[in-house]
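Letter by letter, the chains look like this.
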Amino acid sequence: MQKDGMGALFGPGMAEGPFPEHYEPLEGPLAKNPMSGQLINPAIHIFDKHSDVDKIARASEKFPYVCTTYSCTEHWCSGALTRWQAWLLEAMPEAYVEIGDLLARDLGIRNGVRVKVSSIRGSVQCVAMVTKRFKPFLIEGKTIHQVGLPFNYGWLFPKDTKDDSTNLLSPSVGDANTFCPEYKAFMVNVTKL
Amino acid sequence: MKRPELVKLIDTTLCSACRGCQVACKQWNEMPGLRTKQIGSYQNPPDLQWNTWTLIRFQEYVNDKGAFKWLFRKDGCMHCTDAACVKVCPSGALHHTEFGTVGLNSSRCIGCKECVSACPFDIPRYSQETDKIYKCDLCYDRLRNDALPACVKTCGTGALTIGGKDAMIKKAYARVKELGGDTNVYGDKFVGGTHVLYVLDEKAKVYDNLPRDPSVPFSIIVWKDMLKPLALLAAGGVLAGSFLHYILHGPKLPDEPGKEEKGGE
Amino acid sequence: MRKGLIQATDGFERIVHWSLALSCIALCVTGLGMMYQSLNFIGDMMGGLKSLKYVHNFTGLFFGVALYFTIRMWWKEAGIFSMPEDLEWIRCAGGYLWHVDKVPETGKYNPGQKMFFLAVAGFGAIMFLTGLVMWFPLSFPPMIVRLMYVLHALGFVVIFAFFFVHLYLGTIGSPGSLDAMLTGWVSRAWLKKQHPKWLKEMEEHGTLVVYGEEKTAAKGHGH
Ligand code: HEM
Ligand code: SF4
Ligand code: SF4
Ligand code: SF4
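None of the values given here were measured: they were computed from a predicted structure.

Rules behind the numbers
- Residues numbered from 1 in each chain as written.
- Chains lettered and ligands numbered in written order.
- Predicted model: local features only at pLDDT ≥ 70, side-chain atom pairs only at ≥ 80, totals over all residues.
- Heavy atoms only, no water.
- Helix = DSSP H or I, 4+ residues; strand = E, 2+ residues; numbered from the N terminus.
- Rg over C-alpha atoms; globule rule 2.2 N^0.38 Å.
- Contact = heavy atoms within 4.5 Å.
- Areas by Shrake-Rupley, 256 points an atom, 1.4 Å probe, with all protein chains shown as cover.
- Lys, Arg positive; Asp, Glu negative; His and termini not counted.
- Charge placed at Lys NZ, Arg CZ, Asp CG, Glu CD.
- Buried < 20%, exposed > 50% of the residue type's maximum accessible area, 1.4 Å probe, protein only.
- Salt bridge = Lys/Arg side-chain N within 4 Å of Asp/Glu carboxyl O.
- Buried area = accessible area lost by both parts, 1.4 Å probe.
- Polar contact = N/O pair within 3.5 Å; in protein donor to acceptor, adjacent residues only side chain to side chain.
- Nonpolar A, V, L, I, M, F, W, Y, C, P; charged D, E, K, R; others polar.
- Donors = N, O, S within 2.8 Å, 3.2 Å for Na, K, Ca; no water.
- Phe/Tyr/Trp six-rings, centres within 6.5 Å; stacked < 30°, edge-to-face > 60°.
- Pairing = 2+ DSSP bridges.
- Axes fitted to C-alpha atoms, helices over the stretch in contact; angles between N-to-C directions.
- Patch = residues over 30% accessible without salt bridge, like charges linked within 9 Å, V, L, I, M, F, W, Y side chains within 5 Å.
- Bend = angle between axes of the 7 residues up to and from the residue.
- Disulfide = S-S within 2.5 Å.
- Domains from an automatic or database assignment.

In this section: the overall build of chain B. Counting secondary structure elements, chain B contains seven helices and 10 strands. The C-alpha radius of gyration computed for chain B amounts to 26 Å, which surpasses the reference 18 Å derived for 265 residues by more than 25%, pointing to a less compact arrangement than a globule. By its C-alpha atoms, chain B is 95 × 45 × 40 Å across when sized along the principal axes. When contacts within chain B are restricted to residue pairs at least 6 apart in sequence, those whose partners lie at least 24 apart make up 57%. Of the roughly 12,100 Å² of accessible surface on chain B, 56% is carried by carbon and sulfur atoms. Within chain B, the 30 negative side-chain charges are centred at a point lying 6 Å from the centre of the 35 positive side-chain charges.

Printed below as a string of structure tokens:
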């Protein structure tokens with residue numbers, strides 16, 4: 001993106017570029033970029049390569065599922081402000097992980113039960129939402145499942161929930177220009193509790 | 001003052017399930033938010049409640065061709081012309097308003113719950129705490145002041161609109177014509193026509209908790225249209241009969257001594 | 001005053017009867033207050049329609065108890081038809097509607113009274129059971145509850161109409177009858193007209209209790 005707010009195929013002045021290129025996320029299911037020899041963006045920022053929270057489990061059998069995070073309509077960012085609002089909390093009370101029905105069937109997970117989602121960096125417990133909306137990818141001939149969690153929960157309020165923050169799972173890697181964190185794609189495992 | 005008959009149109013094909021309407025309804029009607037649980041659905045509270053008069057129902061649907069759709073339906077009172085709830089309400093708490101909608105005067109409600117089993121759409125909800133029932137009144141107070149219902153006001157996608165009855169029915173059919181496929185208008189063909197209409201994305205039978213062909217329960221017609229007048233008729237008939245008996249045949253008196261064996265009068 | 005009068009009912013019978021009757025009237029009146037919105041004002045006398053509903057509901061419980069004792073007490077005397085005289089009595093409508101030379105002699109209760117008893121027992125039980133369901137409608141499936149309302153209304157049609165028949169025949173339609181339920185003492189002439197067979201039975205069994213006379217035997221109708 002340029003200073004004028006427009007995108008451009010030729011983008012000088014960016015840490016990477018000037019031409020667009022496909023890289024895999026820092027932590028993904030692939031060990032090799034099928035498009036080129038360079039697996040990940042070489043210009044990204046990694047906060048601290050040696051800390052526990054910056055461990056990476058790329059193409060690991062221990063963490064086989066792609067995870068993405070997002071916000072629900074009812075809460076804002078971490079939900080630290082909106083979860084105190086009774087109407088919003090009533091509509092969206094607890095953390096959940098959306099799991100495709102095929103993966104849920106494989107794992108024997110029923111809709112509405114509590115599960116543990118873990119990455120190499122940490123784990124959270126939340127309610128499983130089994131859905132047909134998450135469909136598996138077919139990548140390099142392999143079926144890869146994806147799960148998704150909202151990042152609106154964890155800590156402080158309401159006091160009686162065991163919800164943890166989704167940030168315990170995600171890597172703290174920032175994009176090469178603005179340090180915008182890569183929370184849309186990383187790897188996790190899901191287990192029954 | 002003469003007011004136009006109003007119809008609220010819910011175009012499910014435009015709804016994004018933001019649930020702004022669900023929250024706006026609570027805000028305007030000062031209904032509390034209660035603690036809920038995540039039960040594996042975006043639909044929460046899981047059903048209409050005394051403090052939740054409208055609710056987006058979320059439903060995952062795969063049609064016979066294998067195509068997937070996430071269906072959203074804003075549930076709530078349909079404001080029937082032949083409203084079963086008004087028919088059974090003993091206190092007049094539920095009543096037809098000048099807009100053709102079905103209002104609820106809470107102060108009159110005696111908590112008998114007759115409307116709960118009467119409603120073909122399963123709408124009224126009972127609160128143990130106040131011993132009263134609750135339901136959408138189509139924001140009667142706002143309509144009276146020429147304001148849009150809170151849910152309509154808040155809807156950002158144009159899924160909710162309100163207007164004169166005929167114009168809204170026309171609008172609904174025009175929309176269905178434009179969309180084609182299985183879309184259809186729901187509401188104008190039964191219980192005398194509802195004052196809440198749907199443009200449904202799929203056939204009515206596809207939707208959870210949506211009766212395909214709702215009607216005022218037959219038992220209520222027997223009860224209110226037949227037995228109720230019959231009660232007065234029968235009692236009146238007996239009273240009239242007794243009176244005639246008394247003046248024509250006369251009461252049954254003990255026989256005078258001596259005439260005893262003859263029997264008779 | 002009472003000298004020569006014959007005892008038709010004892011105290012227990014009268015208490016049970018009036019418990020049933022007064023609670024039934026209270027139920028009819030409060031029920032009417034809910035049935036017709038134009039009669040909602042009946043509730044105003046009880047502090048609002050909501051209180052009326054509670055008066056109705058709790059009187060209903062009392063009615064249920066009274067009905068139980070009524071049925072237990074009168075089942076044998078009024079619940080069973082004795083053939084063939086009851087059938088003949090019905091054929092000539094007990095002589096109430098047209099002139100009949102000789103009305104068949106029936107027992108303590110004539111078939112008309114038996115029908116009233118059976119209607120009250122049957123529909124009263126229906127009123128009690130349906131009423132209980134209607135009190136807690138959310139604990140039952142809607143289809144069942146809908147049926148209960150109809151039956152409750154049907155029972156009301158029957159009981160309300162029968163009530164006026166009973167009222168007429170118990171008062172001005174048959175002078176002297178009221179005494180049987182007020183004081184319990186009736187004249188021989190009235191008894192002979194109303195319940196000739198019963199009078200004969202009591203005379204034969206020696207169970208007749210005449211005011212001021214020594215009891216000839218123990219009371220006839222125990223409970
Ligand atoms: C002879 C006995 C009774 C009579 C004559 C009577 C009469 C009535 C009438 C006329 C109604 C109004 C129905 C309508 O709206 O169409 C009614 C309603 C009702 N009755 Fe009764 N009833 C009797 C016994 C009972 C009993 C024994 C109970 C409960 C134990 C009961 C509970 C109710 C209830 C719950 C309602 C609905 C209104 C409410 O929720 O309060 N009734 N009754
Ligand atoms: S939908 Fe139910 S509550 Fe609403 S007007 Fe119709 S019968 Fe009454
Ligand atoms: S019309 Fe008013 S009461 Fe009804 S659902 Fe909308 S906001 Fe709620
Ligand atoms: S406000 Fe409108 S778009 Fe949002 S959920 Fe309600 S009807 Fe749908």
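Our next topic: the overall build of chain A. Counting its secondary structure elements, chain A contains two helices and 10 strands. Ordering the α and β elements of chain A from the N terminus gives β-β-α-β-α-β-β-β-β-β-β-β. Residues classed as buried in chain A amount to 44% of the 193 residues present. A sequence separation of at least 24 residues applies to 66% of the contacts in chain A between residues at least 6 apart. Entry remark: accessible area of chain A is about 10,400 Å², with carbon and sulfur atoms responsible for 59%. The positive charge centre, built from 20 side chains, and the negative charge centre, built from 21, are 6 Å apart in chain A.

For the rest of this paragraph, the subject is the pattern of salt bridges. Throughout the structure, instances matching the rule amount to 24 salt bridges over all chains. Among the ionic pairs, Lys37(B) bridges to Glu94(A), the shortest N-O distance being 3.9 Å. You can see Lys37(B) sitting in the loop between helix H1 (20–29) and strand S2 (55–62) and its partner Glu94(A) sitting in the loop between helix H1 (86–91) and strand S3 (96–100), one on each of two chains. Residue classification places Lys37(B) among the exposed positions, given a relative accessible area of 55%. The buried category is assigned to Glu94(A), whose relative accessible area is 5%. Between Asp101(A) and Lys132(A) there is a salt bridge, with its nearest N and O atoms 3.1 Å apart. With a gap of 31 residues between them, Asp101(A) in helix H2 (residues 101–107) and Lys132(A) in the loop between strand S5 (123–131) and strand S6 (137–139) connect regions that are remote in the sequence.

A word on the interface of chain A and chain B. Each partner contributes to the interface: chain A provides 27 residues, whereas chain B provides 26 residues. Roughly 2,100 Å² is buried in total at the junction of chain A and chain B, and carbon and sulfur atoms are behind 55% of that figure. When the buried area of chain A at its contact with chain B is split by residue, Trp87(A), Glu90(A) and Arg133(A) rank highest and sum to 36% of it. If you look at where chain A meets chain B, you find four salt bridges. Across the contact surface, chain A and chain B share 14 residue pairs in polar contact (both at pLDDT 80 or more). Within the residue set of the side of chain A that touches chain B, elements represented by two or more residues are H1, S3 and S5 of chain A. Take the side of chain A that touches chain B: its biggest share by element is six residues, from H1(A). When grouped by side-chain class, the residues that make up the side of chain A that touches chain B number 14 nonpolar, five polar and eight charged.

Residue and element names in this part refer to chain C. His56 (NE2) and His152 (NE2) make up the full set of protein donors to the iron atom of ligand 1, lying at 2.1 Å. Owing to a relative accessible area of 13%, histidine 56 belongs among the buried residues under this scheme. Take histidine 152: its relative accessible area is 14%, and that puts it in the buried class.

The next subject is the packing of aromatic side chains. All names here are of chain B. Throughout the structure, instances matching the rule amount to 25 aromatic pairs over all chains. Each ring, one from phenylalanine 58 and one from phenylalanine 72, has its centre 5.4 Å from the other, and the planes form 70°; the classification is edge-to-face. With phenylalanine 58 in strand S2 and phenylalanine 72 in strand S3 (residues 68–75), the pair connects residues that are 14 residues apart, well separated along the chain. Take phenylalanine 58 and phenylalanine 72: they sit in the same class, and that class is buried. On the numbers, 5.9 Å between centres and 70° between planes, the contact of phenylalanine 99 with tyrosine 140 is edge-to-face. Of this pair, phenylalanine 99 sits in the loop between strand S4 (94–96) and strand S5 (102–104) while tyrosine 140 is found in helix H4 (residues 140–144), placing the two residues 41 residues apart along the sequence.

On to the sheet that holds strand S10 (residues 196–200) of chain B, then. Residue and element names in this part refer to chain B. A sheet is described by the order of its strands in space; here four strands give the open sequence S8-S1-S10-S9, paired in mixed fashion. In this open sheet, the two strands that pair with only one neighbour each are strand S8 (160–164) and strand S9 (184–186). Each neighbouring strand pair of the sheet contributes to a mean axis angle of 25°, computed without reference to strand direction. Bridge count for S9 against S10 is three bridges, and the pairing is antiparallel. In the sheet register, valine 185 faces S10, and the bridge partner there is valine 199. Along the sheet face, helix H6 (residues 165–179) touches strand S1 (6–11), S8, S9 and S10 and points at about 135° away from the line of S8.

Moving on: a nonpolar patch on the surface. Together, Phe243(B), Leu244(B), Tyr246(B), Ile247(B), Leu248(B) and Ile172(C) line one region of the surface with nonpolar side chains, adding up to about 640 Å² of accessible area. As for its placement among the helices and strands, Ile247(B) is situated in helix H7 (residues 218–249).

Moving on, we get to H7(B). Its maximal kink placed at Leu227(B), H7(B) deviates by approximately 35°, while the proline Pro229(B) follows within four residues. Where H7(B) is buried, its residues contact helix H2 (84–88) and helix H3 (114–118) of chain B together with helix H1 (11–35) and helix H6 (142–170) of chain C. A positive backbone phi angle near 90° is found at Gly250(B), which sits one or two residues after H7(B).

Summed over all chains, the structure comprises zero disulfides over all chains. Of the cysteine sulfurs around Cys28(C), a residue in no disulfide, the closest is that of Cys24(C), at 4.3 Å.

Glancing now at the domain arrangement of chain B. Residue and element names in this part refer to chain B. According to the domain assignment, chain B consists of domain 1 (6–216) and domain 2 (217–251). With seven residues of domain 1 at the interface, the matching set in domain 2 holds seven residues. Summed over both sides, the interface between domain 1 and domain 2 buries roughly 570 Å², with carbon and sulfur atoms accounting for 68% of that surface. It is Lys87, Val88 and Val216 that lose the most area in domain 1 upon contact with domain 2, and together they represent 76% of the buried surface on that side. Across the domain 1-domain 2 interface, the total number found is one salt bridge. The partner of aspartate 225 in a salt bridge is lysine 87, and the shortest N-O contact between them spans 3.2 Å. Here domain 1 is connected to domain 2 by two residue pairs in polar contact (both at pLDDT 80 or more). Counting residues per element, the ones that place at least two in the side of domain 1 that touches domain 2 are H2 and H3.

Let us look at unusual backbone geometry. Residue and element names in this part refer to chain B. With an omega of -5°, the peptide bond running from asparagine 44 to proline 45 counts as cis. Inspection of the secondary structure assignment puts proline 45 in the loop between H1 and S2. Phi at aspartate 131 is positive, roughly 55°, even though this residue is not glycine. Relative to the elements of secondary structure, aspartate 131 occurs in the loop between strand S6 (125–127) and strand S7 (132–134). Using a relative accessible area of 10% as the deciding quantity, one classes aspartate 131 as buried. For asparagine 209, which is not a glycine, the phi torsion comes out positive at approximately 60°. Take asparagine 209: it is sitting in the loop between S10 and H7. Assessed through its relative accessible area of 45%, asparagine 209 is described here as partly exposed.

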